[in-house]
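# Fold and contact review
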Amino acid sequence: MKSPMPLVRSLWFRVALGSSVVLVATLSIVVITVHQLTLSSERRELDSTLRFEGQVIEDEIIRDLQSIVESQGTTAVNFDDLEIVIGRSLARHPGSPVHLTLVRIDDLVLSSSRGPLRLTQLRDVGMLPSVPPGSRGSVEGIRFRSTVIEIGDLDVVIEALGDDAAIVDGARDIVLRTLIAAAIGGLIGLAGLTFAVHRSTRGLRAVSATVRRTRLEDLSIRVPAQRGTGEVSQLAGNVNAMLDELESARSAKDQLIASVSHELRTPLAAARGHMDLLTTQRSADPDKTLIRIDREIERITRLVEDLLALSRSGDSAWLSRTLIHVGDIVSELQGRLPALDAQYVRIDSPPDVFIEVDADRVLQALTNLVSNATMHTPSGTEVSVTFETSPEFLTFVVSDTGPGIPADVLERFGQAFVRGSSTGTGLGLAVTRAVALAHGGRLDARSDGAGTEIRISFPFDASPNE
């Protein structure tokens, strides 16, 4: 017996492994997406803050300067007043943990009191990078928005700065927490999925174990009953049904071999006995002995031919269909009656229809039915062949008024080696039934002790049974 299936080849393991790969890939995509969305969202929010703060300070400086000009009644603003106005505005807007505001007037640099730690440190040591006046963007990890106000001969540059590196670090921290949470949830989900898959494939493992243990010598093993009505349960039922059919087929094969052996033993023993009489010159009538030997050989030949016909009946090439008139088949059947010693057979006029069948096989089946009816009824009993038609079928009805078929034989009518008397091989009706089924028709028998009626039907379209 083969060793159990390795772990890496088991379905539940491969499903769990595939799920793990999909989970890792999904988490990677989620992490990358969260990182990018977080960066984009934080940068948009920072840019909005820088734009708002720069615009507010610009508006306040312009408004306060206009108030000074109007109160002094002059058109010029001195540098001291400008510095006071800017300092007052920066005091009202002292910055925040996310942004820092600078106002440059020539070499003078005024700054808000608060701002991101890194930017305030760079400001205190004078290492803040210079940004182009009147522009926006990012430089050395610092996001900026710069506006210019022209006041007389002076250019007042307002710079709103934000720490882009802090945003990146914050996004990374969010992603890390997301990754940890997703990993924990994913591991829990994966464990649950692995358990569920392992449990749900238990039936498949039972089916696999049953198939591995099944041998032609012992077909009694079956898959244990599975709960539910799902696919696994259906598969187990189908495998058990297949094993039932295989066991029945093996039993039928054994019975067929035993029956064939029994059927062949009798004519072979008889032929050998007659041959011994000839070879030892103890036969009183050698010619009659040869006739008996020929009869036994003919019996063996007929048995082999019937067996060959039964074995090939499932082959699509067994039939050679042609479109033929029913009257032509009936004419051939009537021509065979003298050879069958069928003196009391009456055949009605056939219907004027065509059927697409293998004429030789149909004639063989009808000959078997007429021959059986003549052989198993008392001498002088009339056998009739009539016809019935329907939109789908043409039916040949072979009936007699003989003693009928015994009930135990009628139950197995059409099976190989089932016969009601010691004459014949018991294969003729089996071949007849095979002919009917191969054409997509059927063979039925009715017998009530006061006669027998056998009906063999052929469809007009001649499509085989599936």
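Small disclaimer: the values here were computed from a predicted structure and weren't measured. (Residues numbered from 1 in each chain as written. Predicted model: local features only at pLDDT ≥ 70, side-chain atom pairs only at ≥ 80, totals over all residues. Heavy atoms only, no water.)

### Here's the deal with the packing of helix 4 (residues 164-200) against helix 5 (residues 202-213)
To keep it simple, the criterion reads: Interaxial angles span 0 to 180 degrees and are taken between N-to-C directions of axes, which are lines fitted to C-alpha atoms, for helices over the stretch in contact. Labels follow the DSSP assignment, with helices taken as runs of H or I lasting at least four residues and strands as runs of E lasting at least two, numbered in each case from the N terminus. Each angle gets one of four labels, with under 35 degrees taken as roughly parallel, over 145 as roughly antiparallel, 65 to 115 as roughly perpendicular, and the rest as oblique. In this analysis, two residues are considered to be in contact whenever any of their non-hydrogen atoms come within 4.5 Å of each other. Each residue receives one of three labels: charged for Asp, Glu, Lys and Arg, nonpolar for Ala, Val, Leu, Ile, Met, Phe, Trp, Tyr, Cys and Pro, and polar for the others, Gly being one of them.
In contact at an axis separation of 4 Å, helix 4 and helix 5 are set at 40° when each is read in the N-to-C sense. It follows from the interaxial angle that helix 4 and helix 5 lie oblique. Contact residues: helix 4 offers H198, R199 and S200, while helix 5 offers R202, G203 and R205. Here the contact of helix 4 with helix 5 is composed, by residue class, of no nonpolar, three polar and three charged.

### Observations regarding the pairing of strand 4 (residues 142-151)
The line we're drawing: Note on exposure labels: buried denotes an accessible area under 20% of the residue type's maximum, exposed denotes more than 50%, and partly exposed covers the range between, all computed with a 1.4 Å probe on protein chains only. Strands pair, by our definition, only if DSSP identifies at least two bridges between them.
Within strand 4, seven of the 10 residues are buried, which leaves it mostly tucked inside the rest of the structure. Once strand 3 (residues 136-139) ends, the chain turns through two residues before running back antiparallel as strand 4, passing E140 with a positive phi of about 55°. Relative to strand 5 (residues 154-163), strand 4 is paired through 10 bridges, and the arrangement is antiparallel. Directly across from F144, in strand 5, lies its bridge partner L161. Between strand 4 and strand 5, which pair antiparallel in sequence order, lie two residues; one of them, G152, sits at a positive phi of approximately 65°.

### So, the side chain of S384
Put simply, the rule reads: Any N or O atom pair separated by 3.5 Å or less is treated as a polar contact, with the protein-specific requirement of one donor-capable and one acceptor-capable atom, and with residues adjacent in sequence counted only for side-chain atom pairs.
Among the secondary structure elements, S384 is positioned in strand 9 (residues 383-389). Polar side-chain contacts of S384 include one of 2.7 Å to the side chain of S399. Once residues within four sequence positions are removed from consideration, S384 is found in contact with R346, V397, V398 and S399.

### A word on the sheet that holds strand 5
Ordered in space as 2-1-5-4-3, the five strands form an open sheet in which the pairing is antiparallel. The sheet terminates laterally at strand 2 (108-111) and strand 3, the two strands that pair on one side only. Adjacent strand axes in the sheet meet at a mean angle of 25°, parallel and antiparallel pairs treated alike. Relative to the sheet, helix 2 (residues 79-92) contacts strand 1 (99-105), strand 2, strand 4 and strand 5, its axis offset from that of strand 2 by approximately 25°. Seen against the sheet, helix 3 (residues 117-124) touches strand 1, strand 2, strand 4 and strand 5 and runs at an angle of roughly 140° to strand 5.

### Considering the packing of aromatic side chains
Spelled out, the test is: Here the aromatic set is Phe, Tyr and Trp, taking the six-membered ring for Trp, and pairing holds for ring centres within 6.5 Å; pairs whose planes are under 30 degrees apart are stacked, those over 60 apart are edge-to-face, and all others are tilted. Either the NZ atom of lysine or the CZ atom of arginine qualifies as a charge over a ring when it sits within 6 Å of the ring centre and within 35 degrees of the ring normal.
Taken as a whole and judged by the stated rule, the model has two aromatic pairs. Taken together, a centroid distance of 5.4 Å and an interplanar angle of 70° make the contact between F387 and F396 edge-to-face. Look at F396 and F458: their rings are 6.1 Å apart centre to centre, the planes differ by 80°, and that puts the pair in the edge-to-face class. Remark: F458 occurs in strand 12 (residues 452-459) and F396 occurs in strand 10 (residues 393-400); sequence separation between them is 62 residues. Side by side, F396 and F458 carry an identical accessibility label, which is buried. Through a chain of ring-to-ring contacts, three or more aromatic side chains come together here, namely F387, F396 and F458. The side chain of R442 reaches across the aromatic face of F393, ending 4.7 Å from its centre.

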